[in-house]
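These are the residues of each chain, in order.
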Amino acid sequence: AVNSGQEYDVIVVGGGPAGSTVSTLVRKRGHRVLLLEKESFPRYQIGESLLPATVHGIAHLLGVHEELRDAGFTVKHGGTFKWGANPEPWTFDFAVSRRMAGPTSFAYQVERMKFDHILLENARKHGVEVSEQCTVTDVLKSADRAEGVRYTDAEGAVHEARARYVVDASGNSSRIYAAADSRREYSTFFRNLALFGYFEGGKRLSAPSSGNILSVAFDNGWFWYIPLTPEITSVGAVVNQESASLVQGDPAKAMRGFVQSCPLIADMLAEATPVTEGPYGQFRVRKDWSYCNTRFFAPGMVLVGDAACFVDPVFSSGVHLATYSGLLAARSINACLEAGDEGAGEGIGEQAAFEEFEQRYRREYGLFYEFLVGFYEMHESEDSYFWRARKLSDSAGSDIEAFVELVGGVSSGEFDGGGTATERIAAGTRDMTRMVAGAEEHADGAVIGAAAGKLLEQGTALQARALVGSQAGEGRSITPGGLSASADGLSWVRDDGAGVDA
Ligand code: FAD
């Protein structure tokens, strides 16, 4: 028997960062949201190095900023790379960007079991109905429109629930995106394989870089070395297809081999031992091929996070793209839900609202993708990477500022990257930039704040106002006649400030 009759405004499939973000931000506008998650949280996930855009911009909107601050995550001031022509490791610090100066110039290295749980519980606190151990098997459709899902609960009972919008936030293993007539297209450039595990007793870089992600190129690919907790280090080898066969069989042995062929990582791990118990007690392998789906939305359905696209993990952009797309999708859904029962048929309309989402999302994805292609040119110096970042993001700042803004997830609007520049030049993510760029406004306060906790609080409060106050509303449209963010950052309005018409 099928239990049916549940009705919602939105059903979100998946409780990772993308799903928690979109559901919380839709719920904040008072809509009824059901979130279905197949696992029971906390659950393991890879993707531990975050960007300032997430821990400041999105976290404020979600209202989890303080909880994240108090969770004791490792503070990440930037990244240290042994990469490219320079034989010596080089370091970037988010603080070199004026946009991230002061209280927004860091991110966290997070245990995803904890981080994702905080975000999911926060969704629950906001009134999202969260059901764990519920696996969505099908998207229900009527004519061409998605109108709900079928799912199986922990006891094996089958349910059908209906909603105006279904969000696929079910990650890289999504089975349901096809319901949006969307295909997954794999990059021919980024076809790597990741082998990763956890070590106890790994060395730390010296302060102030001790919380940095360390990324080290070696013959077979590159290593990440992430100081997750004072004791535990997350270590992953991302290797090219030719090296994939080395990983088959005994992953622990393969890891030892890779470590031996990379002197810097071997030195960092000289006194370390692999964790052998609990969720960190195994080596895992993931094909991390990059992909992008052909469509991010269809009538009644929208794709966010890894369900929509994924790009090589060198710059830790996964959670940023997941949460940013969650924000963009929430704006489109809120705009349509609030435009009247006709589904925003007039005014900006559903099509325009979701085009805005897709355009901005593709723009941000494309920026990382294009930059990463050049970053794999190993014979270049870091200066030429920085220069490329400035060229791609069309930043007004210095090369290094452009680079940290890009890899901090706060790069500004229009950019010119060659070939298809005219298509992309109209695009931008000024809203996000502005949100995080709240720092610019109170740069002085922030500097004082860094010295005195109390003032830091004020700086943060100021930033929060910049995030959800009128500043966010100034997020300009990225196309002529396009849409901009509403004053609270949770919906779209026309550039003239008017809301979405019914
Ligand atoms: P997920 O986190 O995958 O969440 C999806 C959720 O949906 C899961 O909880 C799953 O249980 C649930 N689900 C799946 N199917 C169903 C279903 N049918 N019904 C109900 N629920 C379902 N990102 C970073 O930011 N920093 C990094 O350092 C980083 N390193 C990475 C290294 C590697 C090797 C790889 C492969 C990725 C890395 N990433 C990194 C990317 C990061 O892991 C993802 O981008 C991020 O987890 C995406 O979040 P999400 O919410 O879209 O999906």
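Before reading further, recall that the structure is shown in the block above.
Report follows, based on the coordinates.

Cut-offs and rules
Residues numbered from 1 in each chain as written. Predicted model: local features only at pLDDT ≥ 70, side-chain atom pairs only at ≥ 80, totals over all residues. Heavy atoms only, no water. Core = buried A, V, L, I, M, F, W, Y, C linked by side-chain atoms within 4.5 Å. Buried < 20%, exposed > 50% of the residue type's maximum accessible area, 1.4 Å probe, protein only. Helix = DSSP H or I, 4+ residues; strand = E, 2+ residues; numbered from the N terminus. Contact = heavy atoms within 4.5 Å. Phe/Tyr/Trp six-rings, centres within 6.5 Å; stacked < 30°, edge-to-face > 60°. Lys NZ or Arg CZ within 6 Å of the ring centre and 35° of its normal.

**A few points about the nonpolar core**
Among soluble globular proteins, nonpolar side chains are generally buried collectively.
Line of reasoning, step 1. In this structure, F315, I333, F371 and F403 are the most contacted members of the largest nonpolar core, which totals 122 residues.
Line of reasoning, step 2. If you tally residues by element for this core, the top one is helix α8 (residues 318–337), at 12 residues.
Line of reasoning, step 3. Setting aside residues no more than four positions away along its own chain, I333 makes contact with V10, V22, V26, Y165, V167, V302 and F354.
Line of reasoning, step 4. Residues L193, Y225, M255 and L269 belong to the second largest nonpolar core, which totals 23 residues.

**Examining the packing of aromatic side chains**
Line of reasoning, step 1. In the structure shown here, the tally under the stated rule is 42 aromatic pairs.
Line of reasoning, step 2. With centroids separated by 5.5 Å and ring planes inclined at 40 degrees, the aromatic side chains of F81 and F315 adopt a geometry described as tilted. Of this pair, F81 sits in strand β4 (residues 78–82) while F315 sits in the loop between β21 (309–310) and α8, and the two are 234 residues apart along the sequence. Assigned by exposure class, F81 and F315 land together as buried.
Line of reasoning, step 3. Centroid distance F189 to Y376: 6.3 Å. Interplanar angle 80 degrees. Geometry classified as edge-to-face. One end of the pair, F189, is in the loop between β11 (184–186) and β12 (193–200); the other, Y376, is in the loop between α9 (349–375) and α10 (382–393), and 187 residues separate them in sequence.
Line of reasoning, step 4. A cation over an aromatic ring shows up here: R191 above the ring of W289, its NZ or CZ 4.6 Å from the ring centre.
Line of reasoning, step 5. Over the ring of F296 we find R362; its NZ or CZ atom is 4.0 Å from the centre of that ring.

On their own, these measurements won't tell you what the molecule is for.
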